[in-house]
Amino acid sequence: MNRDFIISSVKWGVNPKGYYGDFGGAYIPEMLYPNVEQLRQQYLDIIYEQGFQEEFHMLLKDYVGRPSPLFHAERLSAKYGTTIYLKREDLNHTGAHKINNTVGQILLAERLGKKRIIAETGAGQHGVATATVCALKGLECIIYMGEVDIERQAPNVARMKMMGAKVVPAVSGSKTLKDATNEAMRDWINNPIDTHYIIGSVVGPHPYPDMVARFQSVISEETKKQLLEKTGSENPDIVMACVGGGSNAMGMFYHFLDDQDVRLIAVEAAGLGVYSGESAATTILGKEGVLHGSRSILMQNDDGQVIEPYSISAGLDYPGIGPQHAHLFKQNRAEYVSITDDEAMQAGRLCSELEGIIPAIETAHALAYLEKMIFTGKESVVICLSGRGDKDLDTYMNYFNL
Ligand SMILES: *Cc1c(COP(=O)(O)O)cnc(C)c1O
């Protein structure tokens, strides 16, 4: 990681006011201002301090299991007629990229003197990653989760409890992620001194999107080194990732942002079809507005009410994207495309059968876009394999009648 990135990528990085072009900022209730302001003033000094960097990289290596391999997927490559590499975030401890961010934020929370950690979770993946690092550091952990999600995601709830976290049901509204987020915000307002709120994607008020992107940027940092070793060039032609809030994609894009020759492709979830009314294709359906503390692009009706998103993959079932993605979209630096439930499920099965790697259904959306591309055969493509599919086996089994 490189602190100078804030200067080197004036064009794509956050500016000192917390904006990416028209997007970003910190739209928060006044009661949260002291917490967010403390973070804003201190986060760069803390995370680029030498002791922090040493501990962060030690934990990524010895606890998370990094560097994650960059795998040349030969049978997928043969099928699509080009060279395809998979960046194996599925091999991280806890099975996805989310742990990169929670390790970073727990070290930050320690240095801010916080004793209590809160987080919200939908599918439970971020809750598990947060409970994991809280156990590692012996910090109190409270996870807010919609009552409906608690029922749907029982194995992840069990994991969190096993590691000593308290899982608090959110019982208002639709009893899902956005209600859990409201509960977590309320908790933070009531406990401003001793509590750190770990947000799980590149969303939320500044400095969260920038902070999370920096922690996840280890993905592209490693990829460059690995490609150089394998191919003699540190840049591929195309980099692809799925986008819910956008953290695995931001980590995968980060060190390629200034390499204009590298095509960046972000894959959103189209659910039952972009215009079916059951979708999470934010950039196609969304408009500019404020969601969860920052200005971005989100799905909303004419009155500005957030539209409930839908995707078969819980991790992509989010009505917005992070502000940096909104900027990359508006400035055409990255391409935003979408994939339906059915297309993703087929791609998940194909990857399982061709490579012996069962991807998370989120990740399968990125893989599915290969079907829609036309290759000359000379391209090299890196896909962020954001997570493993163990959590999705029931969904795969039901879908394919296995
Ligand atoms: C949570 C999750 C996602 C979506 O979150 P981003 O912040 O967009 O990366 C994607 N893949 C997996 C495996 C996840 O757990």
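Every value quoted in this text rests on a predicted model; they were computed, and no experiment measured them.

Concerning helix H9 (residues 177-190)
Here is step 1: For H9, spanning 14 residues, the distance from its first C-alpha to its last is 20 Å, which sits close to the expected 20 Å at 1.5 Å a residue.
Here is step 2: For H9, the full list of buried residues reads Asp179, Ala180, Thr181, Ala184, Met185, Asp187 and Trp188.

Quick look at the packing of helix H6 (residues 125-137) against helix H8 (residues 154-162)
Here is step 1: One way to put it is that H6 packs onto H8 with a least axis distance of 9 Å and a crossing angle of 15°. Taken together, the axes of H6 and H8 lie roughly parallel to each other. Pair H6 / H8 crosses with left-handed handedness. Taking contact as the criterion, the partners of Gln125, Gly127, Val128 and Ala131 in H6 are, on H8, Asn156, Arg159 and Met160.

Regarding the packing of aromatic side chains
Here is step 1: Counted under the stated rule, the structure contains seven aromatic pairs.
Here is step 2: Ring geometry for Trp188 against Tyr197: centres 5.6 Å apart, planes inclined by 75°, an arrangement best described as edge-to-face. For the pair shown, Trp188 and Tyr197 are each scored as buried.
Here is step 3: With centroids separated by 4.9 Å and ring planes inclined at 80°, the aromatic side chains of Tyr399 and Phe400 adopt a geometry described as edge-to-face.
Here is step 4: According to the relative accessible area criterion, Tyr399 is partly exposed, its value standing at 30%.
Here is step 5: What makes Phe400 buried here is its relative accessible area of 14%.

Concerning the sheet that holds strand E3 (residues 70-72)
Here is step 1: Taking strand neighbours across the sheet as the criterion, the six strands line up as E3-E4-E14-E9-E10-E13 in an open arrangement whose pairing is mixed. Two strands bound the open sheet, and with one partner strand each, they are E3 and strand E13 (334-340). Sheet twist, expressed as the mean angle between neighbouring strand axes with direction ignored, is 25°.
Here is step 2: Both E3 and strand E4 (residues 83-88) contribute to a ladder of three bridges, which runs antiparallel. Each bridged residue has a counterpart across the sheet, and for Leu70 the counterpart in E4 is Lys87.
Here is step 3: Strand contacts of helix H16 (residues 361-368): E4, strand E9 (238-242), strand E10 (263-271), E13 and strand E14 (380-385), with the helix running at about 145° to E9, the strand carrying the most contacts.

Quick word on the UniProt feature "domain: Tryptophan synthase beta chain-like PALP" (unreviewed entry) in the protein chain
Here is step 1: Per the UniProt record, the feature "domain: Tryptophan synthase beta chain-like PALP" (unreviewed entry) sits at residues 65-387.
Here is step 2: The annotated region residues 65-387 carries 40% helix and 21% strand content, and the separation between its end C-alpha atoms amounts to 14 Å.

Observations regarding the domain arrangement of the protein chain
Think of interface size as the accessible area that goes away when the parts come together; that is how it is often given.
Here is step 1: Domain boundaries in the protein chain define domain 1 (27-61 + 98-212) and domain 2 (65-95 + 217-400).
Here is step 2: Each of domain 1 and domain 2 has a C-alpha centre, and these two points are 23 Å apart.
Here is step 3: Across the boundary between the two partners, domain 1 contributes 22 residues, which contact 25 residues of domain 2.
Here is step 4: For the domain 1 and domain 2 pair, buried surface summed over both sides reaches about 2100 Å², with 60% attributable to carbon and sulfur atoms.
Here is step 5: In terms of surface lost to domain 2, no three residues of domain 1 exceed Tyr27, Asn100 and Val202, which account for 25% of the buried area on that side.
Here is step 6: Notably, a salt bridge pairs Glu308 with Lys178, separated by 3.6 Å at the nearest N-O pair.
Here is step 7: The tally of links between domain 1 and domain 2 comes to nine residue pairs in polar contact (both at pLDDT 80 or more).
Here is step 8: At the level of elements, helix H3 (50-64), helix H5 (98-111), H6, H9 and helix H10 (208-216) are the ones that each hand at least two residues to the side of domain 1 that touches domain 2.

Let's talk about the state of the cysteines
Here is step 1: Inspection of the entire model under this criterion finds zero disulfides.
Here is step 2: Considering cysteine sulfurs only, Cys141 is the nearest to Cys134, which forms no disulfide, with 3.7 Å between them.
Here is step 3: Looking at Cys134, the relative accessible area reads 1%, which means it is buried.
Here is step 4: Free of any disulfide, Cys242 has its nearest neighbouring cysteine sulfur in Cys384, separated by 7.2 Å.

Quick word on the sheet that holds strand E8 (residues 195-197)
Here is step 1: On the basis of which strands lie adjacent, the open sheet formed by four strands has the order E7-E6-E5-E8 and parallel pairing. Lying at the two open borders of the sheet, with one neighbouring strand each, are strand E7 (166-170) and E8. On average, each strand axis in the sheet is inclined to that of its neighbour by 25°, with strand direction left out of account.
Here is step 2: Relative to strand E6 (residues 140-146), strand E5 (residues 116-121) is paired through six bridges, and the arrangement is parallel. Across the sheet, residue Ala119 finds its bridge partner in E6, namely Ile143.

Scoring rules and cut-offs
Residue numbering note: each chain is counted from 1, following its sequence as written. Only residues with pLDDT of at least 70 are given local features in this predicted model, and only at 80 or more are side-chain atom pairs given and counted; all residues enter the totals for whole chains, interfaces and linings. In computing side-chain values, all of the structure's heavy atoms are included and hydrogens and water are not. Helix and strand assignments follow DSSP, with helices taken as H or I runs no shorter than four residues and strands as E runs no shorter than two, numbered in order from the N terminus. The span expected for a helix works out to 1.5 Å for each residue beyond the first. Throughout this description, buried means an accessible area under 20% of the type-specific maximum (1.4 Å probe, protein chains only), exposed means over 50%, and partly exposed covers the range between. Here the axes come from fitting lines to C-alpha atoms, over the contacting stretch only for helices, and the angles between their N-to-C directions go from 0 to 180 degrees. Any angle that falls under 35 degrees is termed roughly parallel, while one over 145 is termed roughly antiparallel, one within 65 to 115 roughly perpendicular, and all others oblique. Each crossing gets its hand from how the near helix is turned against the far one by less than a right angle, where anticlockwise is left-handed and clockwise is right-handed. What makes two residues a contact is simply this: any of their non-hydrogen atoms within 4.5 Å. Aromatic pairing here means that ring centres of Phe, Tyr or Trp (its six-membered ring) are within 6.5 Å. Orientation follows from the plane angle: under 30 degrees is stacked, over 60 is edge-to-face, and everything else is tilted. DSSP bridges decide pairing: two strands pair if at least two such bridges lie between them. UniProt positions are given in the numbering used here, feature names are shortened, and annotations may be inferred rather than shown by experiment. As used throughout, domain bounds are those supplied by an automatic or database domain assignment. Buried surface area refers to the total accessible area, computed with a probe of radius 1.4 Å, that the two partners give up upon joining, counted for both partners together. Whenever Lys or Arg places a side-chain nitrogen within 4 Å of a carboxyl oxygen from Asp or Glu, that contact is recorded as a salt bridge. Two N or O atoms count as a polar contact when they lie within 3.5 Å, although within protein this holds only if one can serve as hydrogen donor and the other as acceptor, and sequence-adjacent residues are included solely when both atoms are side-chain atoms. Pairs of cysteine sulfur atoms within 2.5 Å are identified as disulfides in what follows.

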